[in-house]
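# Report on the structure
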Amino acid sequence: MEKITSLTVHETLDGLKNKEFTATELTAAYIKEMEKRRALNAYVLETPEHALKQAEEADRRYRDGTARVLEGIPLGIKDLFCTKDIRTTACSRILDGFVPPYESTVTANLFAAGASCLGKLNLDEFAMGGSNETSCYGPVVNPWQEERKLVPGGSSGGSAAAVAANICAAATGTDTGGSIRQPSAFCGVTGIKPTYGRCSRYGIVAFASSLDQAGPIAKDVRDCALLLNVMAGYDHRDSTSVKAEVPDFTKALGQSVKGLKVGIPAEYRPAGLNPEIAACWDRGIEILKSAGAEIVNISLPHTKYALAVYYIIAPAEASSNLARYDGLRYGLRVPGEHLDNMYINTRSAGFGKEVKRRIMIGTYVLSAGYYDAYYLKAQKVRRLIRDDFVQAFNRCDVILTPTAPTPAFPIGDNSMKENPINMWLNDVFTVSVNLAGLPGLSLPAGLSGDGLPLGLQLIGRAFDEETVFKAASAIEKECGFERLK
Ligand code: GLN
């Protein structure tokens, strides 16, 4: 029999309901796998006792007939979500030893539905990065061809690697410019960034508040739908969370895509696009076409400005959000002779290089004299990028693109170390979706010539995750991608 840790969430729920195994046995199996796979560095904190306690309760509920929708499902939690009484660091030294007195809404929703917590997962420091190399706990190793020491993507690199390596049943992620979708693509798993406002940001360490969204990273499309059902919903503690009804996303799965209009944006096929990525995209197009969808060529003309706009707005908001780490309120404090020195010493020692870079850019573009030239201009172009999508969705129902321009690359890649802009270029296909606030899903759809997963991205209208799920399940069914077991 297949290992129980290789099962999807929906298969696991069936197994628990049919008493093929108990939640305690399942949790113990995951804990054992976590120990075996420590070299991946996916977890920055393991909480096995906590998980086993939650499993006991799950088993009691299965016996009583009071099991909830995710009863007994062991999750990994990105260490950007505040977890009550469990250390939360955003993988930054500046939050060293921070133990939140409250729970994020998204994780609270998951635990209230019966899911449990195996531990906290590695990420790029404050979710700034695309390779998980900026974490103060060091990089995560992609479980595909582990000996090659490739990055898992970022910032939710720990989440995607842990799901791929079967050391959690599913994980939470966050996505400000691609951090759910790109690591999902690199690790051959599925992740969705929902519409901005779909999930509460309460209790999630803030990076860029107008872009940040939480979402699931899971083994297949159905698992993402199951998890999002529970994670989503209005929350009075987040003023940008939206009072929209949360449909049962699993109902969209397996529905016919006949007549569905699928937009293919010309700007996402620049000259020199990696031919394997292009071929994977073409195959996704073919699959949807054969299933009866109508393929529509569209244009998103302001795409070429998206990276520039993102790398102004995200650092601007980050510099403001990160001003709160002053050495007084949370985590690390490095003393100094005067108050100012204490701030300087704490922030110098506590933040890593990439975070400092973002704070400096953000402070610059917000400063008097540059605000109009950079920040305000970027906001205006952001509006044009959003308008491109509004226009496009007059002609199509969902948009299909690659998730990332390359497969996973080696840890320590020189071109990116020497020039950080080369790292930022990896986000070219994902950032527009955040700037426009739309839902975007990545699913694995093929392998590169040397056997690495390639992801496809589906983008939907605001609050139309259902069409995204429908199209994703149609591709998943036909593309024959095999997960790591
Ligand atoms: N790679 C992007 C960045 O570095 C996106 C990160 C994210 O979505 N959190 O900002």
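Scroll up to find the structure.
In this report, we go over the structure that sits alongside the text. (Residues numbered from 1 in each chain as written. Predicted model: local features only at pLDDT ≥ 70, side-chain atom pairs only at ≥ 80, totals over all residues. Heavy atoms only, no water.)

Time to look at the overall build of the protein chain. In terms of regular secondary structure, the protein chain is built from 16 helices and 11 strands. Against the 2.2 N^0.38 benchmark of 23 Å for 485 residues, the protein chain shows a C-alpha radius of gyration of 21 Å, consistent with a compact globule. Taken along the three principal axes of its C-alpha coordinates, the protein chain extends 65 × 55 × 45 Å. For the protein chain, the proportion of its 485 residues judged to be buried stands at 61%. (Helix = DSSP H or I, 4+ residues; strand = E, 2+ residues; numbered from the N terminus. Rg over C-alpha atoms; globule rule 2.2 N^0.38 Å. Buried < 20%, exposed > 50% of the residue type's maximum accessible area, 1.4 Å probe, protein only.)

So, on to the pairing of strand β8 (residues 294-298). As paired strands, strand β7 (residues 261-265) and β8 are joined by five bridges and run parallel to one another. Looking at the pairing, Gly263 lines up with Val296 of β8. Regarding the hand of the β-α-β motif, the stretch spanning β7, helix α8 (residues 275-290) and β8 is right-handed. (Pairing = 2+ DSSP bridges. Right-handed = clockwise from strand over helix to strand, strands pointing away.)

With that settled, consider the site of the ligand. In the vicinity of the ligand lie 15 residues, with Thr176, Gly177, Ser179, Tyr310 and Arg358 positioned nearest. In the environment of the ligand, an oxygen atom lies 2.7 Å from a nitrogen or oxygen atom belonging to the side chain of Tyr310. Separating an oxygen atom of the ligand from a side-chain N or O atom of Tyr311 is a distance of 3.3 Å. Burial of the ligand by the protein amounts to 99% of the accessible area it has alone, namely 290 Å². Looking at the shell around the ligand, its residues break down into five nonpolar, seven polar and three charged. (Near = heavy atom within 4 Å. Polar contact = N/O pair within 3.5 Å; in protein donor to acceptor, adjacent residues only side chain to side chain. Areas by Shrake-Rupley, 256 points an atom, 1.4 Å probe, with all protein chains shown as cover. Nonpolar A, V, L, I, M, F, W, Y, C, P; charged D, E, K, R; others polar.)

Before going further, it helps to examine the packing of aromatic side chains. Evaluated as defined, the whole model comprises 16 aromatic pairs. With 5.7 Å between their ring centres and 85° between their planes, Phe186 and Phe409 make a pair best called edge-to-face. Here Phe409 lies in the loop between β9 (398-402) and α13 (414-418) and Phe186 lies in helix α6 (residues 181-187), a separation of 223 residues in the sequence. Residue Phe409 is classed as buried on the basis of its relative accessible area of 6%. Aromatic pair Tyr310 and Tyr311: ring centres 4.7 Å apart, planes at 85°, arrangement edge-to-face. In this structure an aromatic cluster arises from ring pairing among Phe98, Phe126, Tyr325, Tyr330 and Phe351. (Phe/Tyr/Trp six-rings, centres within 6.5 Å; stacked < 30°, edge-to-face > 60°.)

Quick look at the pattern of salt bridges now. The final tally for this structure, using the stated rule, is 24 salt bridges. Ionic contacts of the salt-bridge type, sharing partners, join the residues Glu57, Arg60, Arg61, Asp64, Arg68 and Glu71 into one network. (Salt bridge = Lys/Arg side-chain N within 4 Å of Asp/Glu carboxyl O.)

On to the environment of Glu11, then. Counting through the fold element by element, Glu11 comes out in helix α1 (residues 9-17). Considering only alpha carbons, one finds Glu11 and Glu465, 454 residues apart in sequence, at a separation of 23 Å.

Attention now moves to the pairing of strand β5 (residues 190-193). Neither face of β5 is exposed, since Thr190 and Ile192 on one face and Gly191 and Lys193 on the opposite face are all buried. Both β5 and strand β6 (residues 213-218) contribute to a ladder of two bridges, which runs antiparallel. In the sheet register, Thr190 faces β6, and the bridge partner there is Ala218. In this structure, β5 lies alongside strand β10 (residues 440-447), joined through three bridges in antiparallel fashion. When the bridges of β10 are listed, Lys193 appears paired with Gly440.

Before going further, it helps to examine helix α2 (residues 23-36). With 14 residues, α2 should cover 20 Å at 1.5 Å per step; its first-to-last C-alpha distance of 20 Å lies within 8% of that length. Within α2, burial applies to Ala23, Leu26, Thr27, Tyr30, Ile31, Glu33 and Met34. Each buried residue of α2 sits inside an arc of 165° when the element is viewed along its axis, so together they form one side. In α2, those exposed residues whose orientation departs by more than 90 degrees from the buried face are Lys32 and Lys36. In this fold, the buried residues of α2 make contact with α1, β1 (43-46), α3 (48-64), β2 (74-78) and β3 (116-121). (Expected span 1.5 Å × (residues − 1). Arc of directions from axis to C-beta. Contact = heavy atoms within 4.5 Å.)

Glancing now at a nonpolar patch on the surface. The grouping of Tyr364, Tyr370 and Tyr374 at the surface amounts to a nonpolar patch, some 280 Å² of accessible area in total. As for its position among the elements, Tyr370 is in the loop between α11 (353-366) and α12 (371-392). (Patch = residues over 30% accessible without salt bridge, like charges linked within 9 Å, V, L, I, M, F, W, Y side chains within 5 Å.)

The next subject is the nonpolar core. Grouped together as the largest cluster of nonpolar side chains are 156 residues, with contacts concentrated most on Leu70, Leu110, Phe126, Phe389, Leu400, Leu458 and Phe469. Here this core gets 10 residues from one element, more than from any other, and that element is helix α9 (residues 306-321). If we skip the residues at most four places from it in the chain, Leu110 touches Leu70, Leu75, Ala115, Thr172, Leu227, Val230 and Met231. (Core = buried A, V, L, I, M, F, W, Y, C linked by side-chain atoms within 4.5 Å.)

Peptide bonds are, in most cases, trans, and in most cases residues other than glycine have a negative phi. Cis geometry is adopted by the peptide bond preceding Ser155, which originates at Gly154 and carries an omega value of 5°. Within the secondary structure, Ser155 sits in the loop between β3 and α5 (157-164). The backbone of Cys91 sits at a positive phi, close to 55°, despite the residue not being glycine. Mapped onto the elements of the fold, Cys91 is located in the loop between β2 and α4 (105-112). By relative accessible area, Cys91 is classed as buried at 0%. The residue Lys149 is not glycine, and still its phi comes out positive at about 50°.

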